[in-house]
Amino acid sequence: MVKLVFAGLWVCIITLGAVFFSVRMATAPVAAPEADAKVPTELVRGESITVPMIASGGVKGYFLGRISFMVNKEKLKGANLPMTEVMTDELFTLLVGNKMVDLADTQSFDLAAFREAIKADINKRLGDGLVDEVLVEQLDYLSKEDVRATSEAPKSPTAAPVKIVEGVKVQDPATH
């Protein structure tokens, strides 16, 4: 009988200990790992730019683009440069200087590689980790012939404006 009481008491102590440690572990604050912490970013909107495509000593067409950037807020505070202008300069360098786009084979254009090249070059120039993400809002190409055809199109005469509201009489409420 005594053995049975001690066995029951032993099971109760073990059960209470397991419940106590389970509750303790479930309500303990979890330390956030440093690697998983999201870096605060800020959007730097890019300008609308027109970049000439130069080949064989002449202009072949134009890139029309708008590219924005998600940048690290802390590192942006330390940069005393006009970010929009620096990023516009980098885009000109990539599109004109490096000739990343081959117009003879437009299917080979790799947008992910284009974004990574912009990100890597700007981070190299302004400090590692400044640009977190590159957002391409617009990237179009117009050939020289397209631009010429648009500018030489006959201008249609402008029609007279249509009057929507004309001669509205306001009645005096006292006359009703």
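All figures in this text were calculated on a predicted structure; none of them were measured in a lab.

Draft legend 1. Summary view of the overall build of the chain. Secondary structure assignment for the chain yields 5 helices and 4 strands. Helices and strands appear in the chain in the N-to-C order α-β-β-β-α-α-α-β-α. Out of the 176 residues in the chain, the part that is buried amounts to 19%.

Draft legend 2. Looking closely at the side chain of Asn123. On the secondary structure map, Asn123 appears in helix α4 (residues 111-126). In this structure Asn123 comes out as buried when scored by relative accessible area, which is 8%. A distance of 3.1 Å separates a polar side-chain atom of Asn123 from the backbone nitrogen of Leu130. Ignoring anything within four residues of it in the chain, the contact list for Asn123 reads Asp128, Gly129, Leu130 and Val131.

Draft legend 3. Region of the structure containing the nonpolar core. With 21 residues, the main nonpolar core has Ile67, Phe69, Val71, Met87, Ile118 and Val131 as its most contacted residues. For this core, the secondary-structure elements that each account for two or more residues are β2 (48-55), β3 (58-72), α3 (83-97), α4 and β4 (131-143). Broken down by element, this core gets its largest block of residues, 5 residues, from α3. The contact partners of Met87, leaving out residues within four places of it in the chain, are Val44, Phe69, Val71, Ile122 and Val131.

Draft legend 4. Main features of a nonpolar patch on the surface. A cluster of nonpolar side chains, contributed by Val2, Phe6, Leu9 and Ile13, occupies part of the molecular surface with about 420 Å² of accessible area. With respect to the secondary-structure elements, Ile13 resides in helix α1 (residues 2-27).

Draft legend 5. Up close: the packing of aromatic side chains. Summed over the entire model, instances satisfying the criterion amount to 1 aromatic pair. Ring centres of Phe20 and Phe21 lie 5.3 Å apart, and the angle between their planes is 75°; this geometry places the pair in the edge-to-face category.

Draft legend 6. Broad picture of the pattern of salt bridges. Taken as a whole and assessed by the stated rule, the structure comprises 3 salt bridges. For Arg66, the salt bridge is made with Glu137, and the minimal N-O distance between the two is 3.6 Å. Separated by 71 residues along the polypeptide, Arg66 in strand β3 and Glu137 in strand β4 bring together distant segments of the chain. Arg66 gets classed as partly exposed once you look at its relative accessible area, which sits at 24%. The partly exposed category is assigned to Glu137, whose relative accessible area is 37%. Through salt bridges that share partners, Arg45, Arg66 and Glu137 make up one connected network.

Draft legend 7. View of the pairing of β2. Two strands pair when backbone bridges link them, and β2 and β3 are joined in this way by 8 bridges, in the antiparallel orientation. Each bridged residue has a counterpart across the sheet, and for Val51 the counterpart in β3 is Phe63. Between the end of β2 and the start of β3, which pair antiparallel, lie 2 residues, with Ser56 showing a positive phi angle near 55°.

Draft legend 8. The arrangement of the side chain of Asn72 in detail. With respect to the helices and strands, Asn72 occurs in strand β3. Overall, the relative accessible area of 11% leaves Asn72 in the buried class. A distance of 3.0 Å separates the side chain of Asn72 from the backbone nitrogen of Glu74, its partner in a polar contact. If we skip the residues at most four places from it in the chain, Asn72 touches Val39, Pro40, Gly129 and Leu130.

Draft legend 9. Quick peek at the environment of Val136. With respect to the secondary-structure elements, Val136 resides in strand β4. Residue Val136 is classed as partly exposed on the basis of its relative accessible area, which comes to 22%. Spatially, the C-alpha atom of Val136 lies 7.9 Å from that of Arg115, the residues being 21 residues apart in sequence. Among all residues touching Val136, those that are not within four sequence positions of it are Arg66, Ile67, Leu111 and Arg115.

Here is what the cut-offs are and how they apply
- Residues numbered from 1 in each chain as written.
- Predicted model: local features only at pLDDT ≥ 70, side-chain atom pairs only at ≥ 80, totals over all residues.
- Heavy atoms only, no water.
- Helix = DSSP H or I, 4+ residues; strand = E, 2+ residues; numbered from the N terminus.
- Buried < 20%, exposed > 50% of the residue type's maximum accessible area, 1.4 Å probe, protein only.
- Polar contact = N/O pair within 3.5 Å; in protein donor to acceptor, adjacent residues only side chain to side chain.
- Contact = heavy atoms within 4.5 Å.
- Core = buried A, V, L, I, M, F, W, Y, C linked by side-chain atoms within 4.5 Å.
- Patch = residues over 30% accessible without salt bridge, like charges linked within 9 Å, V, L, I, M, F, W, Y side chains within 5 Å.
- Areas by Shrake-Rupley, 256 points an atom, 1.4 Å probe, with all protein chains shown as cover.
- Salt bridge = Lys/Arg side-chain N within 4 Å of Asp/Glu carboxyl O.
- Phe/Tyr/Trp six-rings, centres within 6.5 Å; stacked < 30°, edge-to-face > 60°.
- Pairing = 2+ DSSP bridges.

These figures come from the coordinates and say nothing about function on their own.
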